[in-house]
Structures are given as C-alpha cells and as structure tokens.
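Residues per chain are reported as follows:
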Amino acid sequence: MIRKSIAGRWFVNSFSVVVVFLLIVNVSVYFALRNYYYSAVKQYLNTQANITYGVLSYMDDYAPEIRRAIEEFDSKNHAELMAITADGRVDITSSGFSPSSGIDMPDYERARISEDGTGDFVGFMPNSERYMAMTVMLSGDVYDAIRVVSSLDRVDAQVYAATLIIALLSAAVMFLVLFLGMYFIKSIVSPLRRIGNSAKKLAAGDFSGRVPLTKNDDEIGELCRIFNSMADELENSEKIKNDFISSVSHELRTPLTAIRGWSETILESGESSEAVKSGICADEESRLTFSKGMRVIVSETSRLSVLVEDLLDFSKIQSGRLKLQKTNMDALAELSDALSIYAEKAKKEQIELVYEEPDSIVVIHGDKNRIRQVFINIIDNAVKYSSPGGSVTVDAKISGTRLIITISDKGCGISEKDLPRIKTRFFKANNSVRGSGIGLAVADEIIVMHGGALDIESVQGKGTTVKITLPLMK
C-alpha cells in the first residue's frame, strides 16, 4: 500500500495539501476577478444611466429628448439604453428593437421600491446569454425610468481566460511538487530504504552489508556513515565474541582434560591419599605419580576457578549487579600481597620482580578484595607476557590527592592498532597466551567504580606499562 511507506505518506499528504490549496486559490481568483469586472461593468452602467438622467432632469418635457438621447446613444457597442413607460413596458431601445411583449426586469422592480430610485440585476437572457442591467427612475408622466443593459459574455471570457492562466500556473506548481517529490524520494527515502534492508541483514546475522554513502554531506549522509560504523562495530563484536567462545572453550577444555587424565591415572593406580600418608603405596613411582597428579589437579582447578570468577564478575558488571564493599584500606598492603603471590611463579619463569615498598601507609576508601583482584590481574599479565630473563617493575607514588601505581614489563608489548581496544570485553591482542580476554575489562571497570583510572601504554616488542590511579582517602 502506498500509505505504508514514508514516500507514500509524504506524497498523499503533501500533494493533497497542495491540490486543496491551489483549488482554493483558483476559486478565489475566479470570484475575485468576476467581482472586480462585474463591479466595473456596474459602475459603467451606472455612469451611463446617470449621465442620461442628468441631461433629462433639466428639461420640463423630456419625452422627446429621451427618444433622441436613446437614438444617439454613443455606447451602443457596449450597452443598450432603454426607456420604460409608466406601465412598465419597454417603449424604445438604442438598438432599435422593442420587445412586442413584456420582459422580466428585476432591476426595474428594485428601482421602484429603492430609496435612491436605482436598481441593478445580473441574470440570463432567453438565449442563455448573461447580462447586467441598471435602472434609474424618472419623474415624468410618459416615461417612468431609463434602463441600461450590457452583455457579460466578453467579461466572462476575460474572467475565464485569467482563471485558465492561473489554472495552468497551478498545474505547473503541481508538476514542480511532483518533481521535487520524486527527487525527495530518491535522495532521502531511497537511502533510508537501503539502510532498512541492511538493518534486516544485520538482524539476520549477516554483518557484511553496508550502505553506499550519498554524495551530499547532509543528515542522510551522516546517518549512512553512522550505520556503517555501527555495522563495523557489530561485525567486530561478533568476531570478538566468536574468538572469546573459542578461547574460553580452550581455556576450559585444557584444565578439564588435565584433571580428568590425572584423575583416571590415580584411579587406575588404586592408590588414595590415605595410602600415601600411611606409607603403603606400592612403590616410589606410584607415590611420585600420585603427588604430581594432585599438584596438576589443584593447579588446573585454580585456573578454572579464576576463569569462572572472571566470567561471573563480568556478568555482574554487564547487568549492573557488581557491588563494592568499601572500607578504609591500605592499598600498598594489598599490592604487596599480590606481588608475594606471584613471587615464586616469577622466579620459576626466570622473571625478576622489582618493587621497593614505601614505608608509609596509603589509605584509600575501597573494596580491598576487588583492588587486590585488579593488582593480581595486572601482575599476572605482566609476568605472563614477559620472556625468561625479563623483569617486571612495580612503582607506587603519591601525586597530590591520588595514588599512582605503575606496573611495567619488558615483554612482547601490544601493537598500535590493538592498543585502543585492549580494554574491550573479550578482546585478546595475543591469542597464543592463555586467558579469557575479559580480565582487563573487569579490572578497568573496578578502578572506574573506585573513582580512578586504568591507563595502558605499550610498544610492540618493547613492553607494556599499566598505570593505576586511585583517589586517596580524604
């Protein structure tokens, strides 16, 4: 249906308004012109009648003069002058034709009862010709009034011609409106329709559709650019989501495989922890297998726990359900605890942890568990992305009313194109290293909720620096 589209509604509504407006204009012009011309004819007839009346009013016996005035009437080509007797009969006319029987003269009847002795009328003759008549009463015994009659055919022809010109101009205006409407539909509605079709593709999961940009740098062009940018973001988000699913699947499968494998190995050996404690294991090899398997199970279970906790925290952040349990806390004490957790791991991987803990206590108002979680996440990344023989440097200082903690490594770094997106959920700049890709997103959100900021600077191949800024307790 035509009215279901923007183009249809615009066409019906705007064109209807234009048509009605032009129709009103044409009708108004017609009646205005007719009234103008008819008033001019009326004024002309009134002038002719008054001239004749003025000449006759100075005579005592003007019956002979009436005949002469009518016979010598100068405007015979434009009007007809008549003399009406006292019994209401047309006696003589300027055309020389006197009706044999009475004719209907409403203007004469009006003149007889009017106060000024004049009357006018517009009507049709028996041959359907429109005319206008003006009657002026006399005070003689023979002739009761003089009457001037003029045909309105030429006047009507002029009115119709002028109205036709206006109608043609109106048609030109309507054609112009149609032309502009088609241009409007082409320049505005068509891009909107293309945007709609592309949006349907996006809704169906096809993120490849883009809207061609318009030539004009207007709102429609801006809308097309915004839509394409949105499509790019959705396509990128879809890619990140798929990478995240693949990464999380791998992260979950690896520890689960290790746990299952070692559990089956221990089960097949027929040994239990109690047997190991009592010293009744079959041999030293079984004891070593049992001990190694339990260490792997504990380690991989810890990995699973961290991953699940990250996912739960991210889910809470996304739904706005993450709540902080804020108290006055020593931020540097939490930083030291986080470093102590990774001291042994860094040593095993031949990575040096450099940190000189200040003697002072730095108090902030925050959730110590969440702040420690952030420190652990950043230190874990620094150690994870560093090469053996490298170092991780941690520095803490007070600047004004803020605590600034800087954690730097000399690892692989982050590329310039990936750096702006490094805190984006599910994004991983390096897929060769384990991780879910949501740790930095969670850490950044926690710091922001504390009124601080988490900034990252990195040069690929040279290392990464993470700066955590937190407001001090007032």
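Residues numbered from 1 in each chain as written. Predicted model: local features only at pLDDT ≥ 70, side-chain atom pairs only at ≥ 80, totals over all residues. Heavy atoms only, no water.

J.: Let's hear about the packing of helix α8 (residues 331-348) against helix α9 (residues 368-384): which residues, and what values?
T.: Contact geometry of α8 with α9 gives a least axis separation of 9 Å together with a crossing angle of 40°. Judged by the angle between their axes, α8 and α9 are oblique. For the crossing formed where α8 meets α9, the hand is right-handed. Here Ala331, Glu334, Leu335, Asp337, Ala338, Leu339, Ile341, Tyr342 and Lys345 of α8 come into contact with α9, specifically with Lys368, Arg372, Phe375, Ile376, Ile379 and Asp380. Here the residues of the contact of α8 with α9 are counted per class, giving nine nonpolar, no polar and six charged. (Axes fitted to C-alpha atoms, helices over the stretch in contact; angles between N-to-C directions. Helix = DSSP H or I, 4+ residues; strand = E, 2+ residues; numbered from the N terminus. Parallel < 35°, antiparallel > 145°, perpendicular 65-115°, else oblique. Left-handed = near helix turned anticlockwise from the far one by under 90°. Contact = heavy atoms within 4.5 Å. Nonpolar A, V, L, I, M, F, W, Y, C, P; charged D, E, K, R; others polar.)

J.: Can you break down the sheet that holds strand β1 (residues 80-85) residue by residue, with the values?
T.: By definition, the strands of a sheet pair up through backbone hydrogen bonds, in either a parallel or an antiparallel sense. The five strands are arranged β2-β1-β5-β4-β3 in an open sheet whose pairing can be described as antiparallel. What marks the edges here is a single partner per strand, and that holds for β2 (90-93) and β3 (118-124). Averaged over all pairs of adjacent strands, the angle between strand axes in this sheet comes to 25°, irrespective of strand direction. One ladder, built from seven bridges, connects strand β4 (residues 130-137) with strand β5 (residues 143-151); its direction is antiparallel. Within β5, the residue paired with alanine 133 across the bridge is valine 149. Those strands touched by helix α3 (residues 106-113) are β1, β3, β4 and β5, and its axis lies near 160° from that of β3. (Pairing = 2+ DSSP bridges.)

J.: Lay out the sheet that holds strand β10 (residues 402-409) in plain terms, naming residues and giving numbers.
T.: The strand order across the open sheet built from five strands is β7-β9-β10-β12-β11, with neighbouring strands paired in mixed fashion. Unpaired on one side and paired on the other, β7 (352-355) and β11 (453-459) mark the two borders of the sheet. Adjacent strand axes in the sheet meet at a mean angle of 15° when their direction is disregarded. Bridging between strand β9 (residues 391-399) and β10 involves eight bridges; their strand directions are antiparallel. Across the sheet, the residue bridging to valine 394 is isoleucine 407, located in β10. Strands in contact with α8 are β7, β9 and β10; relative to β7, the strand with the most contacts, it is inclined by about 160°.

J.: Let's hear about unusual backbone geometry: which residues, and what values?
T.: Phi at glutamine 350 takes a positive value of approximately 60°, unusual for a residue other than glycine. Relative to the helices and strands, glutamine 350 resides in the loop between α8 and β7.

J.: How would you summarise helix α10 (residues 439-449) if you had to cite specific residues and measurements?
T.: Across the eleven residues of α10, eight count as buried, placing the element largely inside the fold. Buried within α10 are the following residues: Gly439, Leu440, Ala441, Val442, Ala443, Asp444, Ile446 and Ile447. Once α10 finishes, glycine 451 follows within two positions and takes phi at roughly 80°, a positive value. (Buried < 20%, exposed > 50% of the residue type's maximum accessible area, 1.4 Å probe, protein only.)

J.: Explain α3 to me, and be specific about the residues and the numbers.
T.: Residues Pro106, Asp107, Tyr108 and Ala111 constitute the buried set of α3. Contacts from the buried residues of α3 go to β1, β3, β4 and β5.

J.: So, the layout of surface pockets: which residues are in play, and what are the values?
T.: A volume near 360 Å³ is recorded for the second largest pocket. Every residue lining the second largest pocket is counted, 15 residues in all, and those nearest its centre are Met82, Ile103, Met125, Pro126 and Arg147. Broken down by secondary-structure element, the contributors of at least two residues to the lining of the second largest pocket are β1, β2 and β5. Across the lining of the second largest pocket, the residue classes tally to ten nonpolar, two polar and three charged. (1 Å grid on protein atoms, 1.4 Å probe; cavity = no way out; pocket = protein on both sides within 12 Å on 5 of 7 lines; lining within 4 Å. Points joined across faces, edges and corners; volume = space filled by probe spheres on them.)

J.: Outline the packing of aromatic side chains, listing residues and values.
T.: Per the stated rule, a full pass over the model turns up four aromatic pairs. Centre to centre, the rings of tyrosine 30 and tyrosine 160 are 6.1 Å apart; their planes meet at 0°, and the pair counts as stacked. With tyrosine 30 in helix α1 (residues 6-56) and tyrosine 160 in helix α4 (residues 153-203), the pair connects residues that are 130 residues apart, well separated along the chain. The class of tyrosine 160 is partly exposed, set by a relative accessible area of 47%. Measuring from centroid to centroid gives 5.4 Å for tyrosine 36 and tyrosine 37, while their planes differ by 75°, and the two rings are edge-to-face. For tyrosine 36, a relative accessible area of 57% puts it in the exposed group. Its relative accessible area of 26% is what places tyrosine 37 among the partly exposed residues. Site record: aromatic cluster; members linked through ring pairs are Tyr30, Phe31 and Tyr160. (Phe/Tyr/Trp six-rings, centres within 6.5 Å; stacked < 30°, edge-to-face > 60°.)

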